[in-house]
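Structure at a glance
If you want the building blocks of each chain, they are given just below.
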Amino acid sequence: MVGDMKSCFKSIVLASCLIPASLVLAQPQPVDASILSYSVTDVVQRYPAGSIKSGDTADQAIKDVDESRKKIELRHEAQKQACYPKFFTNACLNKATEQRYVDLQAVRPIELEANSYIRHARVSERDQRLEESAKAREARNKGNSSSVPVPQINDMPRESAQSDAQRAAR
């Protein structure tokens, strides 16, 4: 009985030591002020509609959009953490989520245009390679066609002609 009380007391003392440590760890981490003030207007102004005219610009636009998305997500998480101690938590969370949605919708057309440009560039490059290989094949076939005659269908011997002759002889 005394041994059980000692182990119970040790457990209580250990738990009381761990509770303050867990509360310290559960405190929200300080957030960089630049993340909370991040805005997508810089990226949107840098790439207006129809401004992506080269592969390098398209690649850079995709990188910028990816970085912008990461910052939007970081800002959203920071705003959510700031909302929890407030009285109207749900209203604050809804506002943060709405701002995240609006910003993601603002950078989406840039990503679509860049991906479209890259896709069209690949298609035109592939078509050009196919056209060049077809021309090379045609030139090669012209050179080979004069030295080796290609048999025509009418030039082929007919087996049925032999069988017709055999039938007539019978």
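Let us look at the structure shown here. None of these values were measured; they are calculated from a predicted model.

Reading the values: the criteria
- Residues numbered from 1 in each chain as written.
- Predicted model: local features only at pLDDT ≥ 70, side-chain atom pairs only at ≥ 80, totals over all residues.
- Heavy atoms only, no water.
- Helix = DSSP H or I, 4+ residues; strand = E, 2+ residues; numbered from the N terminus.
- Contact = heavy atoms within 4.5 Å.
- Areas by Shrake-Rupley, 256 points an atom, 1.4 Å probe, with all protein chains shown as cover.
- Disulfide = S-S within 2.5 Å.
- Buried < 20%, exposed > 50% of the residue type's maximum accessible area, 1.4 Å probe, protein only.
- Core = buried A, V, L, I, M, F, W, Y, C linked by side-chain atoms within 4.5 Å.
- Salt bridge = Lys/Arg side-chain N within 4 Å of Asp/Glu carboxyl O.
- Phe/Tyr/Trp six-rings, centres within 6.5 Å; stacked < 30°, edge-to-face > 60°.

This paragraph deals with the overall build of the protein chain. A count of helical and extended segments in the protein chain gives 6 helices and 0 strands. Along the protein chain, from the amino end to the carboxyl end, the secondary structure elements read α-α-α-α-α-α. The long-range fraction of contacts in the protein chain, counting pairs at least 24 apart against all pairs at least 6 apart in sequence, stands at 76%. Accessible area of the protein chain: about 13600 Å², with a carbon and sulfur share of 58%.

Tallied over the entire structure, the rule returns 1 disulfide. At a sulfur-sulfur separation of 1.9 Å, the disulfide partner of Cys83 is Cys92. Because the torsion about its S-S bond is -65 degrees, the bridge between Cys83 and Cys92 counts as left-handed. Each member of the pair, Cys83 together with Cys92, is buried.

This part is about the nonpolar core. Core analysis: the largest hydrophobic core is formed by 15 residues, its most contacted members being Tyr47, Ile52, Ala61, Ile110 and Ala114. Mapped by element, the contributors of at least two residues to this core are helix 4 (55-83) and helix 5 (89-145). Ignoring any residue separated from it by four or fewer positions in sequence, one finds Tyr47 in contact with Ile52, Thr57, Gln60, Ala61, Asp64 and Ile110.

Turning next to the pattern of salt bridges. Counted by the stated rule, this structure contains 11 salt bridges. Shared partners join several salt bridges into a network, and the residues in it are Asp42, Arg46 and Asp64.

Right, let's get into the packing of aromatic side chains. The full count for this structure, using the stated rule, is 1 aromatic pair. Measuring from centroid to centroid gives 4.8 Å for Phe87 and Phe88, while their planes differ by 80 degrees, and the two rings are edge-to-face. Here the two residues Phe87 and Phe88 agree in accessibility, since each one is exposed.

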